[in-house]
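Given next are the chains, with one letter for each unit.
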Amino acid sequence: MASAASQHSLSSSSVEKRDMKQEEIAQIDIVEADDAYLEQLGYKSEFKRDFTFLGLFSLVQSELAVLPGVAGTIWYTLGYLGLVGMTWGWLVGAVMGQPLVYALAELSSAYPTSGGLYYWAYMTAAPRWKLFSCYICAWSMVISTPLACCSITYSAAQLLIATVQLANPDYEAVSWHIYLVYLVMMFVSYLIICLPTKYVSWFNIWASAIGTVVLLVATILLPIKAAPNLNSAKDIFTSVYNQTGWPSGWAFCMTFLSPIWTLSGYDVAAHVAEETYDAARNVPRAMIYSTWSSTFLGLVYLIALALCATDIDSLTADSLGQPIGTLMGQVLGVKGGVALLAINFVCQMACGIAFFVAASRIFFAYSRDKALPGHAWLSKVSPTTHTPNNASLAVFVISAAFGAISIGSDTAFEAFFSGSTLAGQIGYILPVLGRCLYEDNPDYTNGPFHLGRWSKTIRRIAVAWNFFVMPMVSFPDYPNPAPADMNWAVVIYIPFQVIACIYWWFWGYKTFRGPCPNFNAGKRAKVGTPVTDLARPATPENGDVSEKEAASPPKGV
């Protein structure tokens, strides 16, 4: 009887497929293969795979957000070393960050799951270090991504206030004005990411397209309008104006903070892998293409700005507090400057929304594996929108609470942002370091995208660069800083990790055992079953498959 029902089901499926176009059948086959591979990694599919490559690329582009990113980090380039910081500082820092992108893209293809970095840290570490590595990575990302979301959105609120001040010089902003704008933006962001995935994808496609077009228009328009009062081509690549008090060599290194900060967050592609069509291919492609395109767009935009920045002191000393806004006002006039700043604001808000997406998926994925307090509630997926709306609400509440700190002290609020950068760098490097230290990992198998014989070299360059960068993101802007100018990255990051370890010591160890399967709740272990064996590649030695089958990758992966 069961056999007859099964045959009838297969027959119905065959009839349905005959009525479809060949392209639709291929798409269904790939989605089925995506979901089957996700089960091999230990998880059932709970999302709709509505992110195409274009949507995913646009999401990452929105998160990198070169137009507002350059504006927000201009202090690290123009403000540290003048014109050379804007050109060579950006180029060197952006290119040297690419090995890490490639190394993480390789892992995203091997393990396309929403857990992302945390899951990879577990799967790449040696057995005795698996739990420690993934737990530290998990909490690093829990610290980093929501705080980065706060940082981006708060900067956008400041940008909107600066736009109003440029249009109306008599307006005098106070801290609670910025917080109210920030709170409204956070709420709007929350509403957007609670929509079904396809609408989030469309939003980012449009936001990314508008940002790119405006950036290219500004790149062409600014030098034309500023002519003939321009810096020479030689000056923008050779003129050094050290304003830090550090030796010029170290000040040049600190200009790398601009591309480091702007071009971070590409891991959002991995955190929506379970919502992505053909994830094992599209996730690494989106990470690599978006970072390279943003590197190029950032360079040409900064060259245009460097040509126009003939009076650095007036730009950095202006009461507006936004050198790019001041420059646009000087070159384009008040109306032109207001228009471009307003578009910058929209792009920065889109960037904040992309970080919000990443933070919500991180909270969901880690809660699914019982890594966070309240994991049962946080890991629920809305049956209506097929999105993790409980996790999104948690991110909104936490962000609103953190934002309130800015009313009392900007210094205290900005200290959290420094800590988020350091936490993010640690979260990024742990899975790559695990691969470097445990090269002969029997549980690791490449995905469709891999670096071949260059993999080991690229990973080692990425690790070396990251170890150089981590102390740098903790340095103050100037020697002998006052408390208000101090970089509090370490002071913020360490206490958060101490809290995480206390939680682990008293409660977390009872429920958290690393990534654990959820595709068969009836067989799920009481405290979590590690997925190492589930994700283990089938081999003839294990008696799982023949040699011919072992040589072939899973269908659609």
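Residues numbered from 1 in each chain as written. Predicted model: local features only at pLDDT ≥ 70, side-chain atom pairs only at ≥ 80, totals over all residues. Heavy atoms only, no water.

K.L.:
What should I look at first to understand the overall build of the protein chain in this one?
P.N.:
Tallying secondary structure elements over the protein chain gives 24 helices and zero strands in all. A burial count over the protein chain gives 55% of its 557 residues as buried. Nonlocal contacts in the protein chain, meaning residues at least 24 apart in sequence, comprise 82% of its contacts between residues at least 6 apart. (Helix = DSSP H or I, 4+ residues; strand = E, 2+ residues; numbered from the N terminus. Buried < 20%, exposed > 50% of the residue type's maximum accessible area, 1.4 Å probe, protein only. Contact = heavy atoms within 4.5 Å.)

K.L.:
Please clarify how the environment of cysteine 150 should be interpreted in this entry.
P.N.:
For cysteine 150, the location among the structural elements is in helix α9 (residues 130-167). Between the alpha carbons of cysteine 150 and methionine 186 there is a distance of 8.4 Å; along the sequence they are 36 residues apart.

K.L.:
Help me understand the environment of threonine 255, please; the structure alone is not making it clear to me.
P.N.:
Within the fold, threonine 255 resides in the loop between α13 (248-254) and α14 (257-262). Counting along the chain gives 171 residues from threonine 255 to valine 84, while the straight-line C-alpha distance between them is 9.2 Å. Apart from the residues within four sequence positions on either side, threonine 255 is in contact with Tyr76, Thr77, Tyr80, Leu81, Gly85 and Gly89. Polar contacts involving the side chain of threonine 255 include one to the main-chain carbonyl oxygen of phenylalanine 252, which spans 2.4 Å. (Polar contact = N/O pair within 3.5 Å; in protein donor to acceptor, adjacent residues only side chain to side chain.)

K.L.:
For this particular structure, what's the right way to read the state of the cysteines?
P.N.:
A covalent bond between the sulfur atoms of two cysteines is referred to as a disulfide. Tallied over the full model, the rule gives zero disulfides. A disulfide-free cysteine, cysteine 150 has its sulfur positioned 5.8 Å from the sulfur of cysteine 149, the nearest such atom. (Disulfide = S-S within 2.5 Å.)

K.L.:
I tried to follow the environment of aspartate 440 on my own but got confused; where do I start?
P.N.:
Within the element layout of this structure, aspartate 440 appears in the loop between α21 (410-437) and α22 (455-472). Given a relative accessible area of 71%, aspartate 440 falls into the exposed group. Distance from aspartate 440 to threonine 124, taken between C-alpha atoms, is 9.9 Å for residues 316 residues apart in sequence.

K.L.:
How do you make sense of helix α23 (residues 489-511) when you look at a structure like this?
P.N.:
Owing to its 3.6 residues per turn, the α-helix brings residues three or four apart onto one side. At tryptophan 505, α23 is deflected by roughly 65°, the largest bend along its length. All of the buried residues in α23 are Ala489, Ile492, Tyr493, Gln497, Ala500, Tyr503 and Gly508. (Bend = angle between axes of the 7 residues up to and from the residue.)

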